[in-house]
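Tertiary structure, described
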Amino acid sequence: MRETETVMRQDWNKDEIAELFDLPFMELVFRAAEVHRANFDPNEVQLSQLLSVKTGGCAENCGYCSQSAHFDTGLKASRLMTVDTVLAEARKAKDGGAQRFCMGAAWRELKDRDLPALSAMIGGVKAMGLETCATLGMLRPDQAVALKDAGLDYYNHNLDTSAEYYDQVVTTRTYQERLDTLAAVADAGMKTCCGGIMGMGESRADRVSFLHQLTALPSPPDSIPINNLVAIAGTPLGEKAGRDGGISGLEFVRTIAVARIVCPRSMVRLSAGRSEMSEELQALCFLAGANSIFVGDTLLTTPNPQPGTDAHLMRELGLEPMAMHV
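Right, let's walk through the structure included here. (Residues numbered from 1 in each chain as written. Predicted model: local features only at pLDDT ≥ 70, side-chain atom pairs only at ≥ 80, totals over all residues. Heavy atoms only, no water.)

Some words on the packing of helix 4 (residues 83–95) against helix 5 (residues 115–127)
Inclusion rule: Note on geometry: axes are C-alpha line fits, over the in-contact stretch for helices, and angles between N-to-C directions span 0 to 180 degrees. Runs of H or I in DSSP of at least four residues are treated as helices and runs of E of at least two as strands, each being numbered from the N terminus. We call two directions roughly parallel when the angle between them is under 35 degrees, roughly antiparallel when it is over 145, roughly perpendicular when it lies between 65 and 115, and oblique otherwise. The crossing is said to be left-handed when, going from far helix to near helix, the turn is anticlockwise and less than a right angle, and right-handed when the turn is clockwise. Residues count as neighbours in contact if any of their non-hydrogen atoms are within 4.5 Å of one another. Gly counts as polar in this scheme, as do all residues outside two lists: the nonpolar Ala, Val, Leu, Ile, Met, Phe, Trp, Tyr, Cys and Pro, and the charged Asp, Glu, Lys and Arg.
Relative orientation of the contacting elements helix 4 and helix 5 amounts to 25 degrees, with a least axis distance of 9 Å. Between helix 4 and helix 5, the angle is such that the two are roughly parallel. Viewed along their axes, helix 4 and helix 5 form a crossing whose handedness is right-handed. Across the interface between the two elements, V83, V86, L87 and A90 from helix 4 touch A117, A120, M121, G124 and V125 from helix 5. Of the residues belonging to the contact of helix 4 with helix 5, the class tally is eight nonpolar, one polar and no charged.

Below, the structure written as structure tokens:
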């Protein structure tokens, strides 16, 4: 294997990444598939399940999100779930074939008062033999250490988009604050899960800049969720996508492929928006290097393909659940 196929480079520049995007589609996907095969079994996909453990009422104004208190999306806010309820959901997820269980809370930042309950949830899920992930908003370094000590494997904190387009997405949190949380997670010894949302009106140059930022982090992400915007009524970016049409399927595949090439050893997760994708488009995403999907009926508050649909897709493509390494 060539070194560039197995080592995460941190010296990519934007021009190099832009050149990858500009490759003929077949050439780009072929290169991404080569890199994927050098680092992973191309016929294995990790199955993750995501549970909203605290829904709605978020103080942030992320323009794509149904859970923001700034927008009228018809979503009712709820309190943090009990530990027993979350563990029961995790058990059902494992019984349904999930290998990784993610817990999301609609908060601007984690409050210390919620740490004991969250630590119990994380420890309980970990004890089931599932890989653990959480997304709870901004963290202080000491909170990151506490979550690591509780058994958390990954912490998700998405950049969402490029620094240049960021103020078109959210204004209640700065880009630097997101970077600070990622640094705290890495310093605590946890794996970072950091991705973005495509189809929010950003340009290809923004997608280049976003991926460049991932490669330039002090600790490049171990996990990269690539989401296709789910247009939610009542959200500014959802309504914009409804008017403008979002991102094309082939451009989305290009983004997956470039992510795989510049982050060769990261898990590239085909995340939100799959319910609106054909099996053929999803197959192209896997060919281009995606090796994880979210299973279950919902993804936080947005639709997700039904279990039978995913089982059919896996059979059709000859894909198997990824070997566990918990």
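A look at the nonpolar core
Formally: By convention a nonpolar core is built from buried Ala, Val, Leu, Ile, Met, Phe, Trp, Tyr and Cys residues, the set being connected through side-chain atoms within 4.5 Å. Only protein chains enter the area calculation, which uses a 1.4 Å probe; residues under 20% of their type maximum are buried, those over 50% are exposed, and those in between are partly exposed.
Residues F101, L136, L147 and F252 are the most contacted members of the largest nonpolar core, which totals 91 residues. Ranked by residues supplied to this core, first place goes to helix 10 (residues 249–262) with eight residues. What L147 contacts, discounting residues up to four positions off in sequence, is L110, L115, I122, L136, L139, L152, Y155 and M190. Counting residues in hydrophobic clusters, the runner-up holds six residues, among them L50, C102, Y154 and C193.

Some words on the pattern of salt bridges
Here is the rule: Put simply, a salt bridge is a Lys or Arg side-chain nitrogen that is within 4 Å of an Asp or Glu carboxyl oxygen.
The tally for this structure, following the rule as stated, stands at 20 salt bridges. The partner of R274 in a salt bridge is D310, with the nearest N and O atoms 2.8 Å apart. Of this pair, R274 sits in the loop between strand 8 (267–270) and helix 11 (279–287) while D310 sits in helix 12 (residues 307–317), and the two are 36 residues apart along the sequence. We classify R274 as buried; its relative accessible area is 1%.

Brief notes about the environment of A150
The topology assignment puts A150 in helix 6 (residues 141–150). For the pair A150 and D206, spaced 56 residues apart in sequence, the C-alpha to C-alpha distance is 36 Å. In this structure, A150 is in contact with S119, I122 and G123, ignoring residues within four places of it in sequence.

A closer look at the side chain of R254
Going by this rule: The charged-residue count follows a simple rule in which Lys and Arg add positive charge and Asp and Glu add negative charge, with His and chain termini not counted at all. In protein, a polar contact means a hydrogen-donor-capable atom and an acceptor-capable atom, both N or O and within 3.5 Å, with residues adjacent in sequence counting only if both atoms are side-chain atoms; elsewhere, any N or O pair within 3.5 Å suffices.
Here R254 lies in helix 10. The side chain of R254 is buried and forms no salt bridge, while E251, the nearest opposite charge, is found at 4.3 Å. A polar side-chain atom of R254 sits 2.7 Å from the main-chain carbonyl oxygen of L23. Excluding residues within four positions of it along the chain, R254 makes contact with F21, D22, L23, P24, F25, L28 and R204.

Things to note about helix 10
Keep this limit in mind: Expected helix span is taken as 1.5 Å per residue step, with the number of steps being one fewer than the number of residues.
The end-to-end C-alpha distance of helix 10, which contains 14 residues, comes to 20 Å, matching closely the 20 Å that a straight helix rising 1.5 Å per residue would cover. The buried fraction of helix 10 is high, at twelve of 14 residues. Buried within helix 10 are the following residues: E251, F252, V253, R254, T255, I256, A257, V258, A259, R260, I261 and V262.

Examining the pairing of strand 1 (residues 44–54)
As a reminder of what qualifies: Only strands joined by at least two bridges in the DSSP assignment are considered to pair.
Within strand 1, nine of the eleven residues are buried, which leaves the element mostly enclosed by the surrounding structure. Sheet topology places strand 1 next to strand 12 (residues 320–321); two bridges connect them, and they run parallel. When the sheet's bridge partners are listed, V45 is paired in strand 12 with P321. Here four bridges tie strand 1 to strand 9 (residues 292–295), and the two strands are oriented parallel to one another. The residue of strand 9 that forms the bridge with L47 is I293. With six bridges joining them, strand 1 and strand 2 (residues 100–105) adopt parallel strand pairing. Following the sheet pairing, K54 is matched in strand 2 by A105.

Scope: geometric values only; no functional claims are made or implied.
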